[in-house]
4 protein chains.
Amino acid sequence: MPLATHSSRRHARAQAPEDKRELILRAAIKLFARRGFFNAQVADVAREAGIAAGTVYLYFKGKDDLLISIFERTMREGMEEGRKVLTGVTDPVEQLRVLARLHLARLGEDRDLAVVFQVELRQSIKFMEHFSSTLLQDYLKTMRNAIAEAQRGGRFRQEVSATFAAKALFGALDEMATNWILSRKRYALAGQADDVVDLFVRGMTQ
Amino acid sequence: MPLATHSSRRHARAQAPEDKRELILRAAIKLFARRGFFNAQVADVAREAGIAAGTVYLYFKGKDDLLISIFERTMREGMEEGRKVLTGVTDPVEQLRVLARLHLARLGEDRDLAVVFQVELRQSIKFMEHFSSTLLQDYLKTMRNAIAEAQRGGRFRQEVSATFAAKALFGALDEMATNWILSRKRYALAGQADDVVDLFVRGMTQ
Amino acid sequence: MPLATHSSRRHARAQAPEDKRELILRAAIKLFARRGFFNAQVADVAREAGIAAGTVYLYFKGKDDLLISIFERTMREGMEEGRKVLTGVTDPVEQLRVLARLHLARLGEDRDLAVVFQVELRQSIKFMEHFSSTLLQDYLKTMRNAIAEAQRGGRFRQEVSATFAAKALFGALDEMATNWILSRKRYALAGQADDVVDLFVRGMTQ
Amino acid sequence: MPLATHSSRRHARAQAPEDKRELILRAAIKLFARRGFFNAQVADVAREAGIAAGTVYLYFKGKDDLLISIFERTMREGMEEGRKVLTGVTDPVEQLRVLARLHLARLGEDRDLAVVFQVELRQSIKFMEHFSSTLLQDYLKTMRNAIAEAQRGGRFRQEVSATFAAKALFGALDEMATNWILSRKRYALAGQADDVVDLFVRGMTQ
DNA sequence: TATGAATGAGCCTTCATTCAT
DNA sequence: AATGAATGAAGGCTCATTCAT
């Protein structure tokens, strides 16, 4: 099979650009989580990724761009997976449950990523404003829409603002994630998704 | 009245040490909130406080100590005021309401302080671990106790862990505060305390 | 005619090596003039020349070599043309005039080249020493010889050192060129050659 | 003499700011001249001045500012001394002679300064434009005025533009300075001032 | 001959902290 | 107690050059 050989040779020559980007991003998540964004040096990230320091700058604009890219890639993937798992789920309450499970499952399966999301990404109001005004907003909107749908269907109380309710639900989930990474106990974060949703749904039910 | 005399002499000579500490802390809150902890320089804080840079080190161990002191002073004052307003409040649900109102009221009346609390204090996992293991724990404990009390009294459902419920309530309140500082709209943060508690109580009620 | 065939084959395959060198050199002149030697990157020069960065190193030793080559090629061409136009000119004063006209005409017809010559080539004493000890010396020698000849012929005063006089003449011409590139006004640089020579000749005449 | 003691103590405490600036500037001239502006590191300059690297930034905005400051200080001092020595000199030709002597004398008495002026300051068109449009312009203007005055007095030919003539004179002087620093021979640069002026005056005389 | 991804040495600048006064 | 000039460690980023293909 000369074709296969040829193909693997090409792989050996250089990893596809996307793989290299991914490699750097994974190294950054690990380093940022364990040393903190400010204490982790770009050179450390490069070393962890097994490349030269300068190479990072072929794939990212600068150190900040690493953090932003981690956020964007993860949120994008999360939203894509969210859309996928929501397919066919028509019950709005079930939709909230699916979202919550996905939210905590993704963070719960990668502690480093969770630390970056719950701690390092909240470095400064500059980052926060950038993040909360874009993809995070999409996530909250999806929640709000499900809540509003449940209100229209008579399942949830009308007198509570859907926007407010979405924030409350998100806040509770977010706190579970933060507590999880700060806790010395090792428990399954995803297991709390249903508890949060149950509490929330009960609070919203007519 | 030697005591009074002594006291007034100190006042005449210069501001009392406590006042100077306070002065620096207030300057730090302002600068940290507006420029971010890392971008605000110690010299800026000193200038804002109207003192020399070196003087900061007569009152604080270093820059980090400013952040820690802001947290500790605010939490201490908050807990003290909490104990005060809780005095005579025996109903556990009412206790939660009082705490929530106080929480959002304090942050809502000082946006700079709120920014420091919601953003700057979450710089790194190092800070987070320090904070969440001390005074913040006290706050959560107070909430958990009220919740457990409500459970014992048959008001709240027993099957929900009080610790879990306290996190959920705290998370919802925390998110309201974060959203408030990031929002361009100017609304009364404290006004959301009751909404959060209502939602929570309903969710916990038998 | 195998030779011709061979030659055209080379042309068909790619540009002849000399053309490629020339291409890179022209790109370098443009970039060095507009961004400065230090700010212009080798990759920029390559892009401007329409080749890959690495290819530059097949034709030049390094970035410095580009600058040196620009100088040497231009001086060589200048000296060649100088010898050509001096052919048949026996009057030493006329020789000076021809040289001066050529000097300013060449710079005046290519502003980028003039900038490189008047500014970028004077980066460091290292370059300066290299340049002034080689081809520039030849140019000054040619001037000095003409001046000495005019002195021997009784046209120019003997008491002035020919070497000194050559420097003065060169300096005046050089300043005209520098002023021209720095001036916002667009005038014909070559037009000043005669004025400089007239002034100089009058100063040297018995 | 306790007063004197007191005074010297104050000197020991800290040099006057102007002295420190001067100290750094002298170190910069030395380093820039010997290693070139780009090869000389700020840390080197600081070490040469006997201070810490950071201290440079208390007195100068950055590395560029060192170069600019050298130029400005030297030109300012030169112009001041020029005004002084021109006092009482009414003959315009004598004025030119005085200026030329001063020009070459100042450079000739400090080779490092001369190197910085003749080589390092001409790094880039950016610097050149800055310099030639300010203090250097003043110098040329002073020359032009003297020339114009000599023309009005009937001493110099009218048909030569005074601006052009000033450039020619400056160019000749400038070239003497450049040649001097590049030459291995050690001769008195100032000694050439009269030769240049003689040549020039003769060239301009009716 | 040509490519261009990767390298990694090199440096300016910032700023928390100190300390002589 | 207060000052503020001085310190010097630390690190993000650039870019000339290389080399496997």
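Remember, it's a predicted structure, so these values are computed and weren't measured experimentally. (Residues numbered from 1 in each chain as written. Chains lettered and ligands numbered in written order. Predicted model: local features only at pLDDT ≥ 70, side-chain atom pairs only at ≥ 80, totals over all residues.)

I'm lost on the overall build of chain A in this one. Help?
Broken down by element type, chain A carries 11 helices and zero strands. Starting at the N terminus, the α and β elements of chain A follow one another as α-α-α-α-α-α-α-α-α-α-α. Overall, chain A is about 65 × 45 × 35 Å in size when its C-alpha atoms are taken along their principal axes. Residues counted as buried form 40% of the 206 residues belonging to chain A. Of the contacts formed within chain A by residues at least 6 apart in sequence, a portion of 65% connects residues at least 24 apart. (Helix = DSSP H or I, 4+ residues; strand = E, 2+ residues; numbered from the N terminus. Buried ≥ 20, exposed ≤ 12 C-beta atoms within 10 Å, placed from the backbone. Contact = placed C-beta atoms within 7 Å.)

I would appreciate a short explanation of the relation of the copies chain C and chain D in the present structure.
One copy of the chain maps onto the second through a rotation around an axis plus a translation along that axis. Here chain C sits on chain D after a turn of 180° about the axis and a move of 0.0 Å along it, with an RMSD of 0.2 Å. Both copies of the chain, as the preceding transformation shows, are related through a two-fold rotation axis. Across chain C, the rotation axis passes nearest the C-alpha of Gly203 of chain C, at a separation of 1.9 Å. (Least-squares fit on C-alpha atoms with pLDDT ≥ 70 in both.)

Help me understand the nonpolar core, please; the structure alone is not making it clear to me.
Across soluble globular proteins, nonpolar side chains show a tendency to be buried alongside one another. Core analysis: the biggest nonpolar cluster contains 115 residues, and Val45, Leu169 and Val196 of chain A together with Val45, Leu169 and Val196 of chain B have the highest contact counts within it. Every residue in contact with Leu169 of chain A, bar those within four places of it in the chain, is listed here: Leu96, Met143 and Phe200 of chain A. Core analysis: the next-biggest nonpolar cluster, separate from the first, contains 114 residues, Phe131 and Ala168 of chain C together with Ala33 and Val56 of chain D among them. (Core = buried A, V, L, I, M, F, W, Y, C linked by C-beta atoms within 7 Å.)

How should the relation of the copies chain B and chain A be read in this particular structure?
Laying chain B over chain A is done by rotating through 180° and shifting 0.0 Å along the axis; what remains is an RMSD of 0.1 Å. Most of the interface of chain B is mirrored in chain A, where 100% of its interface residues again form contacts.

Please explain the protein's contact with DNA strand E as it appears in this structure.
The environment of DNA strand E is made up of 34 residues, and the closest members are Ala52 and Gly54 of chain A, Gly62 of chain B, Gly54 of chain C together with Gly62 of chain D. Within the residue set of the surface near DNA strand E, elements represented by two or more residues are helix H4 (53-59) of chain A, helix H3 (42-49) and helix H4 (53-59) of chain B, helix H4 (53-59) of chain C together with helix H1 (2-13), helix H3 (42-49) and helix H4 (53-59) of chain D. The class makeup of the residues in the surface near DNA strand E is 19 nonpolar, 10 polar and five charged. (Near = placed C-beta within 6 Å. Nonpolar A, V, L, I, M, F, W, Y, C, P; charged D, E, K, R; others polar.)

Even after reading the chapter, I still don't get the protein's contact with DNA strand F, so can you show me in this structure?
Around DNA strand F sit 34 residues, and of these Gly62 of chain A, Gly54 of chain B, Gly62 of chain C together with Ala52 and Gly54 of chain D come closest. For the surface near DNA strand F, the per-class residue count stands at 19 nonpolar, 10 polar and five charged.

It is not clear to me how the interface of chain B and chain A should be interpreted in this structure. Could you clarify?
Note: interface size is frequently given as the accessible area lost on complex formation between the parts. Counting residues at the interface gives 30 residues for chain B, matched by 30 residues for chain A. Mapped by element, the contributors of at least two residues to the side of chain B that touches chain A are helix H8 (125-132), helix H10 (162-182) and helix H11 (192-204) of chain B. No other element matches H10 of chain B, which puts 11 residues into the side of chain B that touches chain A.

Got a minute to help me understand the environment of Glu22 of chain B in this structure?
By the element assignment, Glu22 of chain B lies in helix H2 (residues 17-35). Residues Glu22 of chain B and Tyr187 of chain B, spaced 165 residues apart in sequence, show a C-alpha to C-alpha distance of 28 Å.

Any chance you could explain the domain arrangement of chain A here in plain terms?
Residues and elements named next belong to chain A. Each domain of chain A was delimited in the assignment, giving domain 1 (1-60) and domain 2 (63-204). Relative to domain 2, the C-alpha centre of domain 1 lies at a distance of 29 Å. Each partner contributes residues to the interface: domain 1 has 11 residues there, and domain 2 has 13 residues. Counting only elements with at least two residues in the side of domain 1 that touches domain 2, the list comes to helix H2 (17-35) and helix H3 (42-49). (Domains from an automatic or database assignment.)

Mind showing me how you'd approach the environment of Ile29 of chain A here?
All names here are of chain A. Locating Ile29 in the fold gives a position in helix H2. A sequence separation of 86 residues divides Ile29 from Val115, and the C-alpha atoms of the two residues are 8.6 Å apart. Contact partners of Ile29, with chain neighbours within four places excluded, come to Ile70, Asp112, Leu113 and Val116.

Help me out: how do you make sense of the arrangement of the chains in this one?
The two units chain B and chain C never meet; even their closest C-alpha atoms stay 29 Å apart. Taking C-alpha atoms as the reference, chain A and chain D come no closer than 22 Å and do not contact one another.

Looking at this model, I keep getting lost on the interface of chain C and chain D. Mind explaining?
On the chain D side, the residues contacting the 30 residues of chain C number 30 residues. With 11 residues, the top contributor of residues to the side of chain C that touches chain D is helix H10 (residues 162-182) of chain C. For the side of chain C that touches chain D, a count of residues per class yields 15 nonpolar, seven polar and eight charged.

Just to check I follow, could you spell out the packing of helix H5 (residues 63-86) of chain C against helix H9 (residues 135-152) of chain C for this structure?
All names here are of chain C. In the contact formed by H5 and H9, the axes pass within 10 Å of each other and the chain directions differ by 25°. Taken together, H5 and H9 sit at an angle that is classed as roughly parallel. Considering the relative orientation of H5 and H9, their crossing is left-handed. Touching Glu72, Met75, Arg76, Met79 and Gly82 of H5 are Leu135, Leu136, Asp138, Tyr139 and Thr142, all from H9. Looking at the contact of H5 with H9, its residues break down into five nonpolar, two polar and three charged. (Axes fitted to C-alpha atoms, helices over the stretch in contact; angles between N-to-C directions. Parallel < 35°, antiparallel > 145°, perpendicular 65-115°, else oblique. Left-handed = near helix turned anticlockwise from the far one by under 90°.)

What is the right way to read the packing of helix H9 (residues 135-152) of chain A against helix H10 (residues 162-182) of chain A from this model?
Residues and elements named next belong to chain A. As a packed pair, H9 and H10 sit with axes 8 Å apart at the nearest point and diverge in direction by 125°. Between H9 and H10, the interaxial angle falls into the category oblique. Handedness of the H9/H10 crossing: right-handed. Residues Leu140, Met143, Arg144, Ile147, Ala148 and Gln151 of H9 form the contact with H10, whose participating residues are Ala162, Thr163, Ala165, Ala166, Leu169 and Phe170. Of the residues in the contact of H9 with H10, the class split is nine nonpolar, two polar and one charged.

What should I look at first to understand the confidence of the model for chain A in this one?
The predicted structure's coordinates, where accompanied by low pLDDT, should not be read in detail. Residues and elements named next belong to chain A. A residue-level look at chain A finds 92% of positions with pLDDT of 70 or above and a mean pLDDT of 90. Model confidence for chain A, summarised as mean pLDDT per element, is weakest for helix H1 (residues 2-13) at 35 and strongest for helix H11 (residues 192-204) at 98. For residues 1-14, every residue scores under 50 in pLDDT, and the model assigns this stretch zero contacts once sequence neighbours within four places are set aside. (pLDDT = per-residue confidence, 0-100.)

Quick question: what am I supposed to make of helix H6 (residues 92-108) of chain A here?
Residue and element names in this part refer to chain A. Spanning 17 residues, H6 covers 24 Å between terminal C-alpha atoms, matching the ideal 24 Å at 1.5 Å per step. Counting buried residues in H6 gives 12 out of 17 residues, a clear majority hidden from the surface. All of the buried residues along H6 are Pro92, Val93, Gln95, Leu96, Arg97, Leu99, Ala100, His103, Leu104, Arg106, Leu107 and Gly108. (Expected span 1.5 Å × (residues − 1).)

Explain helix H9 (residues 135-152) of chain B here, please?
Since the α-helix advances by 3.6 residues per turn, residues separated by three or four positions end up pointing in the same direction. All names here are of chain B. End to end, H9 covers 26 Å across 18 residues, agreeing with the expected 26 Å (1.5 Å per residue, within 8%). Looking at H9, one finds that the buried residues are Met143, Arg144, Ala146, Ile147, Ala150 and Gln151. An end-on view of H9 places all buried positions within 160° of arc, on one side of the element. Pointing more than 90 degrees away from the buried face of H9 are the exposed residues Gln137, Lys141 and Arg152. Residues of H9 that are buried sit in contact with helix H6 (92-108) and H10. Just downstream of H9, Gly154 is the residue with a positive phi angle, here 80°. (Arc of directions from axis to C-beta.)

I'm lost on the environment of Asn39 of chain A in this one. Help?
Inspection of the secondary structure assignment puts Asn39 of chain A in the loop between H2 and H3. In this structure, the C-alpha to C-alpha distance between Asn39 of chain A and Leu173 of chain A, residues 134 residues apart in sequence, is 28 Å.

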